[in-house]
Amino acid sequence: LGCKNLPEVESFSVMGDLRGSEHPGDIIVVGGHLDSWDVGQGAHDDGAGVVHALEAARLIQITGRKPKRTIRVVAFMNEENGLRGGISYAERAKTSPERSYAAIESDSGGFMPRGFSVTESKLALVQTWLPLFQGTGVERFVAGGGGADIGPLGPLGTTLFGLIPEDQRYFDYHHAATDTIDKVNARELEFGAIAMAGLAWLISEEGLPQS
């Protein structure tokens, strides 16, 4: 394959907050990762996830309603080769006065959403929210937690969620030269953002029982 390691360089994750009105120290991360495999554009892996997170925050913002808890968009760096962004975020969270309340990650492509995985202890609760997702494509919650970037937050007690899109075509593009923006359907991408916005809002307003 001709692979080689190059010298390490400094890089950064990118973050922005919708500040909570009642519990601003409770942080709900909504994110994806900035970096991609070098042979393509990274449109599904994970440009789609970053767009999902940004658009979810924008959709909440344009309602004019402030979330009770802070919704933080995080575009993580270095998921593909070392997970440095996710690890460093979790390390900072350990000593932060903020509480890493919940995290939602999109890292499975920009196809039509079909569900969310969730930390098993919260599964029964979030299944009661399923009727509220009617029309978004979301049809199930399953036990399993989130993706690689938010995984380091799990030991801190953070409830983890992962967006589950349709996966029949994902490995036509994953880490391949075919992972280009023309392979992303704009309407399917929008449904994913709507689903993530809805979940982030529900967590913010309804809360989660903390174990």
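These lines cover the structure that appears in this document, whether it is placed above or below. Small disclaimer: the values here were computed from a predicted structure and weren't measured. (Residues numbered from 1 in each chain as written. Predicted model: local features only at pLDDT ≥ 70, side-chain atom pairs only at ≥ 80, totals over all residues. Heavy atoms only, no water.)

## Considerations on the side chain of Asp46
For step 1, the next point in the chain: Here Asp46 is to be found in helix α1 (residues 43-62).
For step 2, the next point in the chain: The charged side chain of Asp46 is buried without a salt bridge, its nearest counter-charge being Arg169 at 15 Å.
For step 3, the next point in the chain: Within the local environment of Asp46, its side chain forms a polar contact with the backbone nitrogen of His33, the two atoms lying 2.9 Å apart.
For step 4, the next point in the chain: Residue contacts for Asp46: discarding those within four places in its chain leaves Gly32, His33, Asp35, Ser106 and Asp107. (Helix = DSSP H or I, 4+ residues; strand = E, 2+ residues; numbered from the N terminus. Buried < 20%, exposed > 50% of the residue type's maximum accessible area, 1.4 Å probe, protein only. Lys, Arg positive; Asp, Glu negative; His and termini not counted. Salt bridge = Lys/Arg side-chain N within 4 Å of Asp/Glu carboxyl O. Polar contact = N/O pair within 3.5 Å; in protein donor to acceptor, adjacent residues only side chain to side chain. Contact = heavy atoms within 4.5 Å.)

## Here's the deal with the nonpolar core
For step 1, the next point in the chain: Val30, Ile104, Phe116, Phe161, Leu199 and Ile203 are the most contacted members of the largest nonpolar core, which totals 33 residues.
For step 2, the next point in the chain: Among the secondary structure elements, those contributing two or more residues to this core are β2 (23-33), α1, β3 (69-76), β4 (99-105), β5 (113-118), α3 (123-127), β7 (159-165) and α4 (186-206).
For step 3, the next point in the chain: No other element matches the nine residues that α4 contributes to this core.
For step 4, the next point in the chain: Apart from the residues lying within four places of it in its own chain, the contact partners of Val30 are Ala53, Ala56, Ile71, Arg72, Val73, Val74, Ile104, Met196 and Ala200.
For step 5, the next point in the chain: Residues Ile27, Tyr89, Leu153 and Leu160 belong to the second largest nonpolar core, which totals eleven residues. (Core = buried A, V, L, I, M, F, W, Y, C linked by side-chain atoms within 4.5 Å.)

## Quick look at helix α2 (residues 84-95)
For step 1, the next point in the chain: Across its twelve residues, α2 extends 17 Å between first and last C-alpha, which sits within 8% of the 16 Å expected from 1.5 Å per residue.
For step 2, the next point in the chain: Turning to α2, the residues buried within the fold contact β1 (14-18), β2, β3 and β4. (Expected span 1.5 Å × (residues − 1).)

## A word on empty space enclosed by the protein
For step 1, the next point in the chain: Scanning the model with the defined rule gives one cavity of 30 Å³ or more in all.
For step 2, the next point in the chain: Roughly 30 Å³ of internal volume is contained in the largest cavity.
For step 3, the next point in the chain: Surrounding the largest cavity, Ser36, Trp37, Gly40, Gly42, Asp45, Tyr173, His175, Ala176 and Asp179 form its lining.
For step 4, the next point in the chain: Among the residues forming the lining of the largest cavity, the class breakdown is three nonpolar, four polar and two charged. (1 Å grid on protein atoms, 1.4 Å probe; cavity = no way out; pocket = protein on both sides within 12 Å on 5 of 7 lines; lining within 4 Å. Points joined across faces, edges and corners; volume = space filled by probe spheres on them. Nonpolar A, V, L, I, M, F, W, Y, C, P; charged D, E, K, R; others polar.)

## Quick word on unusual backbone geometry
For step 1, the next point in the chain: Cis geometry marks the peptide bond from Asp45 to Asp46; its omega dihedral reads 5°.
For step 2, the next point in the chain: In the Ramachandran plot, Asn78 falls in the positive-phi region, its phi being about 70° despite a non-glycine side chain.
For step 3, the next point in the chain: A positive phi angle is found at His175, which is not glycine, with a value near 60°.
For step 4, the next point in the chain: Counting through the fold element by element, His175 comes out in the loop between β7 and α4.
For step 5, the next point in the chain: Assessed through its relative accessible area of 27%, His175 is described here as partly exposed.

## Details of the layout of surface pockets
It is the rolling of a water-molecule-sized probe over the atoms that shows where space remains empty.
For step 1, the next point in the chain: Looking at the largest pocket, its volume works out to about 1200 Å³.
For step 2, the next point in the chain: Considering the residues around the largest pocket, the lining is formed by 35 residues, among which Ser11, Asp35, Met77, Asn78 and Asn81 are closest to the centre.
For step 3, the next point in the chain: Among the secondary structure elements, those contributing two or more residues to the lining of the largest pocket are β3, α2 and β4.
For step 4, the next point in the chain: When its residues are assigned to classes, the lining of the largest pocket shows 13 nonpolar, eleven polar and eleven charged.

## A short note on the sheet that holds β5
For step 1, the next point in the chain: Reading across from one edge, β1-β3-β2-β4-β7-β5-β6 is the order of the seven strands in this open sheet, with mixed pairing throughout. Each edge of the open sheet is held by one strand with a lone partner, namely β1 and β6 (140-143). Each strand axis lies, on average, 20° off the axis of its neighbour in the sheet, ignoring direction.
For step 2, the next point in the chain: Looking at chain direction, β4 and β7 are connected through four bridges and run parallel. Looking across to β7, one finds that Ala102 is bridged to Thr159.
For step 3, the next point in the chain: Along the sheet, α2 makes contact with β1, β2, β3 and β4, crossing β3 at roughly 145°. (Pairing = 2+ DSSP bridges. Axes fitted to C-alpha atoms, helices over the stretch in contact; angles between N-to-C directions.)

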